[in-house]
Amino acid sequence: MRKLFSRQLIEARHEMLSIFEAIDLTLHDAVTAFVTDDMELARRAKKKTYKIDARCANLEAVCYNLIATQSPVASDFRLLQTIIYIDFNLQRMSDKVRRIARAAKRKVNNDIEFPPQMVALIEQEAASVYQVLGSTAAALVNNDLAAVLALSEEDEAVHGAYQEFFRVFNRTETMEVADDAQMDDFRRTVMVSRYLDRIAGISMECAYRLVFLLTGQRLSADDIAEADEEELEGMRIPSGEGVTLDPASDARYVAALAPDEVGAELAALIADATAEGE
C-alpha cells in the first residue's frame, strides 16, 4: 500500500510539471498568434487552455483524495501541499494565456493596427517571460534554491518591458479611431502586456513554493528576496521515503521546453532523457 502511495505522489508531481510545460508551450502559441495576426493559432491556443484547466482540476482532485485516504505526514504532506498550491497558480496562468489568445483574435477581428514599436515590445516582454518560466521549471526539476533567488532579477526585465510598453501606449492614445468602441477594443487588446507581466509573477510564486517543500519553512516573497543561498541551503531538511525528487526522471515531463530558456543544467537533463527514449 505504501509503495502505491509513493508512486501516486511521484505521478502527481510529474503531472504538475507536465501541465507547466503545456502552459509554457501554449503561451508561445498565443503570443505568436498575437504578433502575427494568426487567427487559427489563437483559436487553437485558446482551446488548449481549456484542456489545461481540466487537467488542473483533475490533479487537484487526485491530491485531495490522497490526503483524505492516505493521511500523509511530514514531507509527503508538504509535497501534496506544494502540488496543490502550484496547481492553483497554474490555473491562474492558464487564464492569462487564454486572455492573450482572445486578444489575438480581437486584434484580427477588429482590424487593430499596433505601431511596430509596440509589437516589438510585446515580443521583448514575452521573451523575458519565457526565461522566467524556463527558470521556474529548472528550479522545480532540479530542486534548486539558488535558481529561486535569481528569479527576481529575471522578472525585472519583464517588468521593464511592461512599463515601457505602456509608456509608448500612453503616447499612442491620441491615435485616430472610428468610434469609442474601437478605442475600447484597442485598450482591451493592449492588456496583453499586463497578462504577460502577471504570468511571470505567478510563475515566480510557483518557484517560491519550492522553499517550503525543501525547508519546511513558510517564507514570504520578501523573506526569500532578503535571504542568501547559503542561508536557504542550510535550512534544507531530508525528504521522506515517499517523496522521490529525481531530476533525471522529472526532466522528461518538461522535455518540450526550449533549451535556451531552461538553463544549461536542465537542458542537459532533457537531452539525456530524450536520448534514452530514442
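Residues numbered from 1 in each chain as written. Predicted model: local features only at pLDDT ≥ 70, side-chain atom pairs only at ≥ 80, totals over all residues. Heavy atoms only, no water.

Novice: Explain the overall build of the chain residue by residue, including any values.
Specialist: Across its full length, the chain carries twelve helices and zero strands. Scaling as 2.2 N^0.38, a compact globule of 278 residues should have a C-alpha radius of gyration of about 19 Å, and the chain matches this with 20 Å. If you line up the chain on its principal axes, its C-alpha atoms span 65 × 40 × 35 Å. Buried residues in the chain amount to 48% of all 278 residues. Within the structure as shown, the chain displays about 12800 Å² of accessible surface, and the carbon and sulfur contribution to it stands at 49%. In the chain, which carries 30 positive and 48 negative side-chain charges, the distance between the mean positions of the two groups comes to 8 Å. (Helix = DSSP H or I, 4+ residues; strand = E, 2+ residues; numbered from the N terminus. Rg over C-alpha atoms; globule rule 2.2 N^0.38 Å. Buried < 20%, exposed > 50% of the residue type's maximum accessible area, 1.4 Å probe, protein only. Areas by Shrake-Rupley, 256 points an atom, 1.4 Å probe, with all protein chains shown as cover. Lys, Arg positive; Asp, Glu negative; His and termini not counted. Charge placed at Lys NZ, Arg CZ, Asp CG, Glu CD.)

Novice: Any details on the packing of helix α3 (residues 74-109) against helix α7 (residues 192-215)? Residues and values, ideally.
Specialist: Packing of α3 against α7 brings their axes to within 9 Å, and their N-to-C directions diverge by 170 degrees. Between α3 and α7, the crossing angle belongs to the class labelled roughly antiparallel. Broken down by class, the residue content of the contact of α3 with α7 amounts to 15 nonpolar, four polar and seven charged. (Axes fitted to C-alpha atoms, helices over the stretch in contact; angles between N-to-C directions. Parallel < 35°, antiparallel > 145°, perpendicular 65-115°, else oblique. Nonpolar A, V, L, I, M, F, W, Y, C, P; charged D, E, K, R; others polar.)

Novice: Outline the domain arrangement of the chain, supporting the account with residue identities and numerical values.
Specialist: You can read the domains of the chain as domain 1 (1-245) and domain 2 (246-277). On a C-alpha basis, the centres of domain 1 and domain 2 stand 19 Å from each other. The interface of domain 1 with domain 2 comprises 20 residues on the first partner and 16 residues on the second. Our count for the contact surface shared by domain 1 and domain 2 stands at one salt bridge. Across the salt bridge formed by Asp 250 and Arg 13, the nearest N and O atoms sit 2.8 Å from each other. One can count seven residue pairs in polar contact (both at pLDDT 80 or more) joining domain 1 with domain 2. Those elements giving two or more residues to the side of domain 1 that touches domain 2 turn out to be α1 (2-36) and α4 (116-142). When grouped by side-chain class, the residues that make up the side of domain 1 that touches domain 2 number seven nonpolar, nine polar and four charged. (Domains from an automatic or database assignment. Contact = heavy atoms within 4.5 Å. Salt bridge = Lys/Arg side-chain N within 4 Å of Asp/Glu carboxyl O. Polar contact = N/O pair within 3.5 Å; in protein donor to acceptor, adjacent residues only side chain to side chain.)

Novice: So what's going on with the layout of surface pockets? Which residues, and what values?
Specialist: By volume, the largest pocket amounts to about 150 Å³. In terms of lining residues, the largest pocket is bounded by Tyr 85, Glu 205, Tyr 208, Arg 209, Val 211, Phe 212, Gln 217, Arg 218, Leu 219, Ser 220, Ala 221 and Ile 224. Of all elements in the fold, only α7 and α8 (221-226) reach the threshold of two or more residues within the lining of the largest pocket. The element contributing the most residues to the lining of the largest pocket is α7, with five residues. Across the lining of the largest pocket, the residue classes break down as seven nonpolar, two polar and three charged. (1 Å grid on protein atoms, 1.4 Å probe; cavity = no way out; pocket = protein on both sides within 12 Å on 5 of 7 lines; lining within 4 Å. Points joined across faces, edges and corners; volume = space filled by probe spheres on them.)

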